[in-house]
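As a plain string of letters, each chain reads:
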Amino acid sequence: MPVIPVRHALGSYSVHVTPGALGSLPELLGKAMGHRQLVIISDDEVSRYYDEWTRTGAGVDSEAPGDATPGIRLRPKAWLSFPAGEASKTRETWIRLSDEMLSLGLDRRTAVVALGGGVVGDLAGFVAATFLRGVPYAQVPTTLLAMLDASVGGKVGVDTPLGKNLIGAFHAPAIVVADPLTLLSLPDRVFRSGLAEAVKHGVIADASYFTWIESNAPRIIAREIDALAHLVARSVEIKAAVVGEDEREAGRRAILNAGHTIAHGLELESHYRLPHGEAVSLGLLGECRIAERMGLAQPGLADRVLGVLQAVGLPTRIAHRPEIARVLDAMLHDKKNVEGQVRLALPTGLGAMHEGEGKWTVPVTHDLLASAVSALT
Ligand SMILES: NC(=O)c1ccc[n+]([C@@H]2O[C@H](COP(=O)([O-])OP(=O)(O)OC[C@H]3O[C@@H](n4cnc5c(N)ncnc54)[C@H](O)[C@@H]3O)[C@@H](O)[C@H]2O)c1
Ligand SMILES: [Zn+2]
């Protein structure tokens, strides 16, 4: 099973994508970080699946209690958790976790293990980035979104009342261990949400990966392990290749934002009730239609994307009636805008993005944005 090397300005690490990899965590973490005192940070939902088994110290020889809950075979110094959900991704939780670690008397020989979805990864990574000015951490993602997107790239942080991910750091993990077996216990909606980023990876970088998702959609939604392992591995390779090119969001890294400008507008307008992956599904479709309308993409691209999104059970129409003006307003105030201009990373065809004089984004008029959002209702 694949081990994908990731190299970018923040550091080098490998992403292990193997069914059953959790069983090898002690060896994998030992190799990547040396002998350290481990602190597992997780949320209370994920802890329900893994905590008891680990805490009872079933030990490295025991069998996992079930396919969907492979044991993690670690004996951490501490297991810290917080209530599951985006609402916990705050400075308050960061303070609580950091203080708990300080009161345990942990020193710089500590390493953090982020066990959970993207919320855990971002928060635990930010704790690791700042604890005693930075200690190593391992990403052990347990949602599809975290495996194929959030755990790779080294962006960590928390939300504030003024917006998501506004306070944070760049801190590369020492290792990422993705065990596709963990995905079997995910609620359906959370699982499908992650698929939007995989479709995005196909659109921005790899037509044959897109076609593979198209023809394997039934196996993917049935969560066949081989299909999941391939999905995660290929998506990680694509993200790793892009972040490996340049670090701080300039240049080609912008293509990873495909679909995300409209997605962020929809998320904000819904007060974050719309899950990120569903917003990305809608945003990707809307932005592909804009690319066609601007004559950048070959006709038919958006319909092809629509078909695959539907095949994997992602939304292609907004279920509620959004206030278009609020969606637009949110897009106009996106932190990625330059001088008030909304710029999108747009595809020219499957697996190819518009380079636009090396900027990888183009300015888009408010009218086009508004009509693309309306067309999604
Ligand atoms: N740092 C980055 O580059 C990056 C990229 C994309 C997204 N993100 C962040 O990721 C977050 C979203 O991540 P997410 O979608 O994984 O959400 P999440 O972490 O909230 O997980 C979703 C839900 O699934 C539960 N869960 C997790 N693993 C499970 C398992 N194996 N079985 C059963 N339930 C499980 C969680 O407890 C939670 O209730 C956002 O905060 C977003 O900003 C970060
Ligand atoms: Zn995303």
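Here the structure is shown first, and the text comes after it.
Below or above, wherever it landed, is the structure these notes cover. In this text the structure is predicted, and so the values were computed from the model without any measurement.

## Focus: the pairing of strand β2 (residues 11-17)
Right, on to step 1. Both strand β1 (residues 3-8) and β2 contribute to a ladder of 6 bridges, which runs antiparallel. Across the sheet, Arg7 pairs through a bridge with Ser12, a residue of β2.
Right, on to step 2. Turn length for the β1-β2 hairpin, with the two strands adjacent in sequence and antiparallel, is 2 residues.
Right, on to step 3. Strand direction decides the pairing type here: β2 and strand β9 (residues 175-178), joined by 4 bridges, are parallel. Counted as the bridge partner of Val17 is Ala178 from β9.

## Focus on the site of ligand 1
Right, on to step 1. Ligand 1 sits among 25 residues. The nearest are Glu86, Gly118, Thr142, Thr143 and Ser185.
Right, on to step 2. Within the side chain of Asp122, a nitrogen or oxygen atom sits 3.0 Å from a nitrogen atom of ligand 1.
Right, on to step 3. Interatomic distance of 2.9 Å between a backbone N/O atom of Lys155 and a nitrogen atom of ligand 1.
Right, on to step 4. Relative to its unbound accessible surface of 870 Å², ligand 1 loses 86% to contact with the protein.
Right, on to step 5. Elements supplying a minimum of two residues to the shell around ligand 1: α2 (44-55), α4 (118-130), α5 (144-150) and β8 (163-170).

## Quick word on the layout of surface pockets
Right, on to step 1. Estimated volume of the second largest pocket: approximately 440 Å³.
Right, on to step 2. For the second largest pocket, the lining is made up of 21 residues, of which Ala254, Lys336, Val338, Arg343 and Thr361 are closest to its centre.
Right, on to step 3. Breaking the lining of the second largest pocket down by element, the ones donating at least two residues are α9 (260-269) and β10 (343-344).
Right, on to step 4. Looking at which element gives the most residues to the lining of the second largest pocket, the answer is α9, with 3 residues.
Right, on to step 5. A class-by-class count of the residues in the lining of the second largest pocket yields 5 nonpolar, 8 polar and 8 charged.

## Things to note about the packing of aromatic side chains
Right, on to step 1. Inspection of the entire model under this criterion finds 2 aromatic pairs.
Right, on to step 2. On the basis of an interplanar angle of 10° and a centroid distance of 6.3 Å, the ring pair of Tyr209 and Trp212 is categorised as stacked. Of this pair, Tyr209 and Trp212 both sit in helix α7 (residues 207-221), separated by 3 residues, roughly a single helical turn. You'll find Tyr209 and Trp212 in the same group, each marked buried.

## A closer look at the coordination of the zinc ion (ligand 2)
Right, on to step 1. Binding of the zinc ion (ligand 2) to the protein goes through Glu197 (OE), His260 (NE2) and His276 (NE2), at separations of 2.0 to 2.1 Å.
Right, on to step 2. In the primary structure, the donors to the zinc ion (ligand 2) are separated according to the pattern E-x62-H-x15-H. Taken as a pair, Glu197 in helix α6 (residues 188-205) and His260 in helix α9 lie far apart in primary sequence, 63 residues in all.
Right, on to step 3. A relative accessible area of 8% means that His260 is categorised as buried.

## Some details on the nonpolar core
Right, on to step 1. Core analysis: the largest hydrophobic core is formed by 80 residues, its most contacted members being Ile213, Leu231 and Ile290.
Right, on to step 2. Ranked by residues supplied to this core, first place goes to helix α8 (residues 225-245) with 10 residues.
Right, on to step 3. In this view, Ile290 contacts Ile262, Leu344, Leu346, Val364, Leu368, Leu369 and Ala372; residues no more than four positions away in its chain are not counted.

## Description of the side chain of Ser281
Right, on to step 1. Looking at the secondary structure, you find Ser281 in helix α10 (residues 276-293).
Right, on to step 2. Those residues in contact with Ser281 that lie beyond four places of it in its chain are Ala196, Leu309, Leu314 and Pro315.

## Brief notes about α10
Right, on to step 1. With 18 residues, α10 extends 25 Å between its outermost C-alpha atoms, agreeing within 8% with the 26 Å of an ideal straight helix rising 1.5 Å per residue.
Right, on to step 2. Of all 18 residues making up α10, 14 are buried, and the element is well covered by its neighbours.
Right, on to step 3. Trailing α10 by a residue or two, Gly295 shows a phi angle of about 75°, which is positive.

## Section: the environment of Val305
Right, on to step 1. Along the chain, Val305 turns up in helix α11 (residues 301-311).
Right, on to step 2. Between the C-alpha atoms of Val305 and Ala233, which are 72 residues apart in sequence, the distance is 21 Å.
Right, on to step 3. Setting aside residues no more than four positions away along its own chain, Val305 makes contact with Val203, Phe210, Leu284 and Cys288.

Rules used in this analysis
Residues numbered from 1 in each chain as written. Chains lettered and ligands numbered in written order. Predicted model: local features only at pLDDT ≥ 70, side-chain atom pairs only at ≥ 80, totals over all residues. Heavy atoms only, no water. Pairing = 2+ DSSP bridges. Helix = DSSP H or I, 4+ residues; strand = E, 2+ residues; numbered from the N terminus. Near = heavy atom within 4 Å. Polar contact = N/O pair within 3.5 Å; in protein donor to acceptor, adjacent residues only side chain to side chain. Areas by Shrake-Rupley, 256 points an atom, 1.4 Å probe, with all protein chains shown as cover. 1 Å grid on protein atoms, 1.4 Å probe; cavity = no way out; pocket = protein on both sides within 12 Å on 5 of 7 lines; lining within 4 Å. Points joined across faces, edges and corners; volume = space filled by probe spheres on them. Nonpolar A, V, L, I, M, F, W, Y, C, P; charged D, E, K, R; others polar. Phe/Tyr/Trp six-rings, centres within 6.5 Å; stacked < 30°, edge-to-face > 60°. Buried < 20%, exposed > 50% of the residue type's maximum accessible area, 1.4 Å probe, protein only. Donors = N, O, S within 2.8 Å, 3.2 Å for Na, K, Ca; no water. Core = buried A, V, L, I, M, F, W, Y, C linked by side-chain atoms within 4.5 Å. Contact = heavy atoms within 4.5 Å. Expected span 1.5 Å × (residues − 1).

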